[in-house]
Amino acid sequence: MRKLVVLLTFLTLLIAPAALAKDDNTIIVGLQAEPVTLDPHQITDFNSSRAAKGMFNSLVEFAQGSTDLVPGLATSWEVSDDGLTYTFHLRKGVKFHDGTPFNAEAVKFSIERQIDPNHPYHDTGEFAYADFTFGMVKEVNVIDDYTVEIVLKEPFAPFLANMAMHSASIVSPTAVKKYGADFSKHPVGTGPFKFVKWTPGVEVIQESNPDYWDGEPEVKRVIYRPVLEDQARLAELEAGKLDFIVNIPPDDLDRVKKLKGIKVQEQPGMHVWYVVFNTQKEPFNDPRVRQAVNYAIDKKAIVDGILQGTGVLAENVLPPVVWGYNPNVKNYPYDPVKAKQLLAEAGYPNGFKVTLWVPEGGSGMQQPVAMCTAIQAYLSMVGIQAEIQQFEWGTYLDKVFVDDYESMAEMHVMSWIGDNGDPDNFLYILLSSEQWPPYGFNEAFYKNPEVDRLLRQARVTSDVVKRTELYKKAQELIMADAPWVPIDHETQIVAMDERIQGFKLHPTGVFRFEKVTIKK
Amino acid sequence: MFRYIVKRLLWLIPVLLGVTVLVFSIMHLSPGDPAKILLGPKATQEALEQLREELGLNRPLYIQYFTWLGNILTGDWGRSLQLKREVLPLVLDRFKATAILTMTSIIIATVIGVISGTVSATKQYSWLDRLGMLISLVGFCLPVFWLGILLQLFFGLKLEWLPMTGMYSPGSEGNFTDLLLHLILPSLTLAAGAAAVIARMTRSSMLEVIRKDYIRTAKAKGLSQSVIIYRHALKNALIPVVTVVGMQVGFLLAGAVLAEMVFSWPGIGLLMVNGILARDFPLVQGSILLVATSYVFVNLLVDLLYVLLDPQIAYD
Amino acid sequence: MEPEREQATGKVLPRGRAWSEREEKTEGMWCPVLRRLWKDKFAVLGAGIIVVIIGLAVLAPVVSPYDPNQVDLLNRLKPPGTEGHLLGTDQLGRDVLSRLIWGGRVSVAVGVFAVLIAMFFGVFLGLIAGYFGGAFDIVIMRVIDVLMAFPYVLLAIAIIAAFGPGLVNAMIAISIIGIPYYARIVRGSVLSLREKEFIQAQHALGSSNWRIMFRHLLPNVFSSVIVAATLDVGWMIMAAAGMSFLGLGAQPPTAEWGVMLSNGRQFIRVAPHLSLLPGLAIFLVVLAFNLLGDGLRDALDPHLKE
């Protein structure tokens, strides 16, 4: 058989053009799936955000490895005392990859394109995050070429953090005008890497930007390739065909860590995986039933067993890496006796039947089917007969994000990955009653007026200390009401060629290669 | 013979109509409003009305069917809900991968089947014959998806000789050698069942021919065993084999979905199954229509080929 | 050469079952049949495997060492031979042996029911088509020809696409694709029996059509149907497992062989037994029904065996 390989290799030399010799300054990244779009304003999934990040900047950037805010395309900024007006001073001498100069007009264009339905280029895409990021923006004013002023309708504390998100990326107006809806296939930004080519199903190629305002990256080329199967992706890393991969199967992690020439990097993620109750419907409109389910599930066994330590047990709805986390809040311990007792008190001494919706996969969902099968088994031990219904991810999201009166959901599972590092991005968006679907992401239809008040107040308060207090209080109330069963916070894990130096995982899950070097 | 061919071509009409009716009814049998199914749950009321108007969903079913058929014939196969792309180019592109897999499998199956069937027939009741038939029985009963996993385990994981999944290694798209390496396991997997059928068929057909008069005559004339087998017997015995091979092309075309699943082969079967799970009806309809139609035409070709080889059949 | 000729036009074989269905004309006489069957070692082997598997399936609640859905997350992916778990545990720490036994229950039930459904409709349609002939025959056989113009996997997938994935729908789908197979066999036999004296005599005696069909024709085509059905159970089990493997049949956490195989694939590196064992079970059942079916056919019609 070795002979066959040799023979075939020989044949290759004869018929096929020799495979590209691997360049020492290239990093090939194995993604989970094909990016959907490379237009940063349209991104809703990880594969797209990972492939697009390197090509764009925003006015404010996250620091390497954290959600601290540092100057990006804006060198400095001021906030008015009433918290309504943000003035950004722009970096001078920056050019987009197509040569268009970066200026205040480009900033105005990038924001208004998304939020103004009458903007001439509004129809060049679907801007799913526009409302979330810029919903509170009243107007964008160009003061001069290098000064831009954003006025809000009401004070909004996380606004600066929003300005570092994908949807706040500044795109080249010339390119959008030129390509229209095809801009998503011909992205032009100011980032450290320039777009070269996108072959659907095969790869996205980018090369370093020699004129990058923060210095040309040492890595000359980055190639993103979709490899759908976890096992195949891992095998290609081992074979040296990929340099950097995501989603290592938990049961392979130990083995991969011992592999020569490969290193594994991990970091607690800004993520939470949880079971959602429909709190507006029987039986889950009774907090005792929700608490009973919380007691009935052995969350630690799920984390240690199924996830093999690729996540940490959730104590709270908020991950500990986000500021405002309340360390005094503890998750419900595993206590089936207590669960049964609560069920009896609530009038269900013999349990009940319920459907549990489960997606087959999806970003951040870890091992949904296995985890839910375990949850189902734990529930059956306290008399709750859960029937699992599986859906493909897209179908699943469509079924979950509907009005409360239309919702057929009883129990389902979901995960959330933070966008901007602000607690508002977890607590308000997932648990305020102002965020019931289809407008927001509170699929539990959870409503507690006191929680609503705390979260709203935290939104309009700019003082971080005061905000922290408000959030800590909210977490206590939420955990007591138990609209969810928080299970775990997924650890971000990547495996890479050990010659890659200086890579830092980012809490938002994107990859940044501009400061990375490759040891020869 | 001409009459037979005309009859055979005319038979295409009801068959293709049947195929389209079946594919058409997939969406109408399934619970739910077709317009909602087609546009997805986020559709606006106006869009729904417009589509109902366009498809004539308020009109009688047979009119809807002919409208749909008209669209299909003019190349408008709809848009995939999930992948947000035109269905026709999408299914054609994926069909290529399935065709490569199926064709390779049928070649392998034919070579293995004919050789082992011939050997079995010429050595009837020998241990070689019995072994051959036993292996073919096993090959016949092996679930495709299990055989695939066995091969993956052995050649992919244990020996590390061959890639376990996919059509190309990342970065080698279009590279012929890479394709060949990736093709070996899935095509062997898919070929096993067909090879067993072809071997059985070749064996029984050979036995039939060997007993015929002209072979006895040839033997009496003192021609050597191998000349008889390869010059005379095989040629005649292969006529029914051709049909079986042709039918297997069709079965493999559809059965490939299991091999595609095991080996993540980017074929049309995988697309179809994902489409069903995502309730992506235009995609499912398009892929079923394409596979069924190509199956019908493969059958037609086989039947015509058969008449060419054995004109006798046309008169039966 | 007659059966081959039929195959040659591509009309007999719905699913590549190339050698198993010849037309039988034996009438009754089960004792000598069983005696002949007993001499066929392969058939006995097949029958033995079937008896064991059906026995385990029926007795699952008694013989299965654990509840097949009992999760033990701290004892996951244990290899076969682990203490307390003869065949190891799966990704959730469930006992593989128990799941195989309960899975057999599902698979065998689905196979048998699918065959019964297909047989019921197929035999009925075949009887009507063959006995009445004329317009009945033409309409029924044309529809069947069109059904057969679809490859069977594709037809099953198309039916599931319409009704949605699930074990029951998958079973219905595979039984529908089996109908033409029985209809053809029965129609063929009825056509040849219709003109026989004992049937003509019944006409003369004034028996009703239905009486002749069900009291006189049916028993005479029964042996060919039994052979076909025996061979078919294996196929139905394999087809149902295949649909489940694709995610279109049984849904987790149902212990079903196809689902177990498909779930086990993720752990092929760390726990290959999870994909090997359920596949082996499917293979054995299919093989057993084929051995028994082949043996039955030869026993029913000893002339065929040369």
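A quick note: this is a predicted structure, and the numbers were derived from the prediction, not measured.

Student: How should the overall build of chain A be read in this particular structure?
Tutor: What chain A contains, in helices and strands, is 16 helices and 20 strands. For 520 residues, the compact-globule estimate of 2.2 N^0.38 gives 24 Å, and chain A sits close to it at 24 Å. With the C-alpha coordinates aligned to their principal axes, the bounding extent of chain A is approximately 70 × 70 × 35 Å. Within the span of chain A, comprising 520 residues, buried residues form 59% of the whole. Here the analysis covers contacts within chain A between residues at least 6 apart in sequence; of these, 69% occur between residues at least 24 apart. Here chain A displays about 20600 Å² of accessible surface, and carbon together with sulfur accounts for 52% of that area. Each charge class in chain A can be summarised by its mean position, and for the 51 positive and 69 negative side chains these summaries are 5 Å apart.

Student: What should I look at first to understand the packing of aromatic side chains in this one?
Tutor: Where two aromatic rings form a pair, the distance of their centres and the angle of their planes describe that pair. Applying the stated criterion across every chain, the model contains 41 aromatic pairs over all chains. Considering the side-chain rings of Trp393 of chain A and Tyr396 of chain A, the 6.1 Å spacing of their centres and the 20 degrees angle between planes classify their relative orientation as stacked. Taken together, the residues span about one helical turn, with Trp393 of chain A and Tyr396 of chain A both in helix H13 (residues 393–400) at a distance of three residues. Note on Trp393 of chain A: relative accessible area 23%, which makes it partly exposed. Aromatic pair Phe155 of chain B and Trp161 of chain B: ring centres 6.1 Å apart, planes at 35 degrees, arrangement tilted. For Trp161 of chain B, a relative accessible area of 28% translates into the label partly exposed. Following the ring pairs from residue to residue traces out a cluster consisting of Tyr131, Phe132, Phe136, Trp210 and Phe214 of chain C. The positively charged end of Lys399 of chain A is found above the aromatic ring belonging to Trp357 of chain A, 5.2 Å away from the centroid.

Student: Sorry, what's going on with the confidence of the model for chain A here?
Tutor: Should pLDDT be low for a region, the predicted coordinates there are not to be read in detail. Mean pLDDT over chain A stands at 91; residues scoring 70 or higher make up 96%. A low-confidence stretch, residues 1–21 of chain A stays under pLDDT 50, and its non-local contacts, those more than four residues away or across chains, total 15 contacts.

Student: How should I be thinking about the interface of chain A and chain C in this particular structure?
Tutor: The accessible area lost on association of the parts is a frequent measure of interface size. The partner chain C presents 14 residues to the 21 residues of chain A that form the contact. Note on chain A versus chain C: buried area summed over both sides is about 1400 Å², and carbon and sulfur give 58% of it. When the buried surface of chain A facing chain C is broken down by residue, Gln231, Asp251 and Thr373 of chain A rank first, second and third, together holding 30% of it. At the boundary of chain A and chain C, one finds two salt bridges. Asp252 of chain A serves as the salt-bridge partner of Arg269 of chain C, at 3.8 Å between the closest nitrogen and oxygen. Joining chain A to chain C, the criterion identifies four residue pairs in polar contact (both at pLDDT 80 or more). At the level of elements, helix H7 (230–238), helix H10 (299–306), helix H12 (368–381) and strand E16 (385–391) of chain A are the ones that each hand at least two residues to the side of chain A that touches chain C. With seven residues, H12 of chain A is the single largest residue contributor to the side of chain A that touches chain C. Residue composition of the side of chain A that touches chain C, grouped by class: ten nonpolar, seven polar and four charged.

Student: Where do I start with helix H11 (residues 268–277) of chain B in this structure?
Tutor: Helical geometry: 3.6 residues make up each α-helical turn, so side chains three or four residues apart lie on a common side. By the criterion of burial, H11 of chain B is predominantly enclosed, with nine of the ten residues buried. Those residues of H11 of chain B lying buried are Ile268, Gly269, Leu270, Leu271, Met272, Val273, Gly275, Ile276 and Leu277 of chain B. In this fold, the buried residues of H11 of chain B make contact with H13 of chain A, helix H5 (87–122), helix H10 (225–263) and helix H12 (281–309) of chain B together with helix H7 (152–163) of chain C. Directly after H11 of chain B, the chain includes Arg279 of chain B, whose backbone phi takes a positive value near 50 degrees.

Student: I keep staring at the pattern of salt bridges and nothing clicks. Help me out?
Tutor: Side chains carrying opposite charge are able to pair once their charged atoms draw close together. Residue and element names in this part refer to chain A. Scanning the model with the defined rule gives 34 salt bridges over all chains in all. Between Asp304 and Lys300 there is a salt bridge, with its nearest N and O atoms 2.6 Å apart. Of this pair, Asp304 and Lys300 both sit in helix H10, four residues apart, which is roughly one turn of that helix. Overall, Asp304 belongs to the partly exposed group, its relative accessible area being 35%. The salt bridge partner of Arg512 is Glu514, with a shortest N-O separation of 3.5 Å. Here Arg512 matches Glu514 in class, with each residue buried.

Student: Can you walk me through the environment of Ala386 of chain A in this structure?
Tutor: The topology assignment puts Ala386 of chain A in strand E16. The residues contacting Ala386 of chain A, other than those within four sequence positions of it, are Val354, Leu356, Gln376 and Leu379 of chain A.

Student: Would you mind showing me how to read the nonpolar core here?
Tutor: A general trend in soluble globular proteins is that nonpolar side chains are found buried together. Counting 175 residues, the largest nonpolar core has Ile288 of chain B together with Ile157, Ile174, Tyr182, Leu217 and Leu248 of chain C as its most contacted members. In terms of residues, this core owes the most to one element, helix H10 (residues 209–245) of chain C, which gives 19 residues. Of the domains in this structure, domain 1 (2–73) and domain 2 (94–309) of chain B are the two that each give at least three residues to this core. Among all residues touching Leu217 of chain C, those that are not within four sequence positions of it are Leu127, Tyr131, Val190, Leu193, Ile199 and Ile212 of chain C. If you look at the next biggest cluster of nonpolar residues, it comprises 83 residues, including Trp273, Phe284, Leu318 and Tyr446 of chain A.

Student: Sorry, what's going on with the environment of Gln251 of chain C here?
Tutor: Residues and elements named next belong to chain C. Mapped onto the secondary structure, Gln251 falls in the loop between H10 and helix H11 (257–264). Assessed through its relative accessible area of 25%, Gln251 is described here as partly exposed. Considered as a pair, Gln251 and Leu97 are 154 residues apart in the sequence and their alpha carbons are 19 Å apart. A distance of 2.9 Å separates a polar atom in the side chain of Gln251 from the backbone oxygen of Gly249.

Student: Help me understand the interface of chain C and chain B in this model?
Tutor: Listed by partner, the interface residues are 57 residues for chain C and 62 residues for chain B. Carbon and sulfur atoms make up 79% of the surface buried where chain C meets chain B, a total of about 5200 Å² over both sides. Where chain C packs against chain B, one counts zero salt bridges. Scanning the region where chain C abuts chain B turns up four residue pairs in polar contact (both at pLDDT 80 or more). Contributing elements (two or more residues each) for the side of chain C that touches chain B: helix H1 (2–8), helix H6 (134–148), H7, H10 and helix H12 (273–300) of chain C. Element by element, the count of residues in the side of chain C that touches chain B is highest for H12 of chain C, at ten residues.

Student: Would you explain the pairing of E16 of chain A in this entry?
Tutor: Looking down a regular strand, the side chains alternate between one sheet face and the other. Residue and element names in this part refer to chain A. Where strand E15 (residues 353–359) lies against E16, seven bridges are found, and the strand directions are parallel. Its bridge partner lying in E16, Trp357 is registered against Gln389. Considered for its hand, the β-α-β crossover made up of E15, H12 and E16 is right-handed.

Student: Hey, could you run me through the domain arrangement of chain A in this one?
Tutor: Residues and elements named next belong to chain A. On domain assignment, one finds that chain A holds domain 1 (17–54 + 191–261 + 498–520), domain 2 (57–181) and domain 3 (271–492). On a C-alpha basis, the centroid separation for the pair domain 1 and domain 2 is 27 Å. Taken residue by residue, the interface counts 24 residues in domain 1 and 26 residues in domain 2. One can count two salt bridges joining domain 1 with domain 2. Its salt-bridge partner being Arg113, residue Asp39 comes within 2.7 Å of it at the nearest N-O pair. Here the side of domain 1 that touches domain 2 is composed, by residue class, of nine nonpolar, eight polar and seven charged.

Calculation criteria
- Residues numbered from 1 in each chain as written.
- Chains lettered and ligands numbered in written order.
- Predicted model: local features only at pLDDT ≥ 70, side-chain atom pairs only at ≥ 80, totals over all residues.
- Heavy atoms only, no water.
- Helix = DSSP H or I, 4+ residues; strand = E, 2+ residues; numbered from the N terminus.
- Rg over C-alpha atoms; globule rule 2.2 N^0.38 Å.
- Buried < 20%, exposed > 50% of the residue type's maximum accessible area, 1.4 Å probe, protein only.
- Contact = heavy atoms within 4.5 Å.
- Areas by Shrake-Rupley, 256 points an atom, 1.4 Å probe, with all protein chains shown as cover.
- Lys, Arg positive; Asp, Glu negative; His and termini not counted.
- Charge placed at Lys NZ, Arg CZ, Asp CG, Glu CD.
- Phe/Tyr/Trp six-rings, centres within 6.5 Å; stacked < 30°, edge-to-face > 60°.
- Lys NZ or Arg CZ within 6 Å of the ring centre and 35° of its normal.
- pLDDT = per-residue confidence, 0-100.
- Buried area = accessible area lost by both parts, 1.4 Å probe.
- Salt bridge = Lys/Arg side-chain N within 4 Å of Asp/Glu carboxyl O.
- Polar contact = N/O pair within 3.5 Å; in protein donor to acceptor, adjacent residues only side chain to side chain.
- Nonpolar A, V, L, I, M, F, W, Y, C, P; charged D, E, K, R; others polar.
- Core = buried A, V, L, I, M, F, W, Y, C linked by side-chain atoms within 4.5 Å.
- Domains from an automatic or database assignment.
- Pairing = 2+ DSSP bridges.
- Right-handed = clockwise from strand over helix to strand, strands pointing away.

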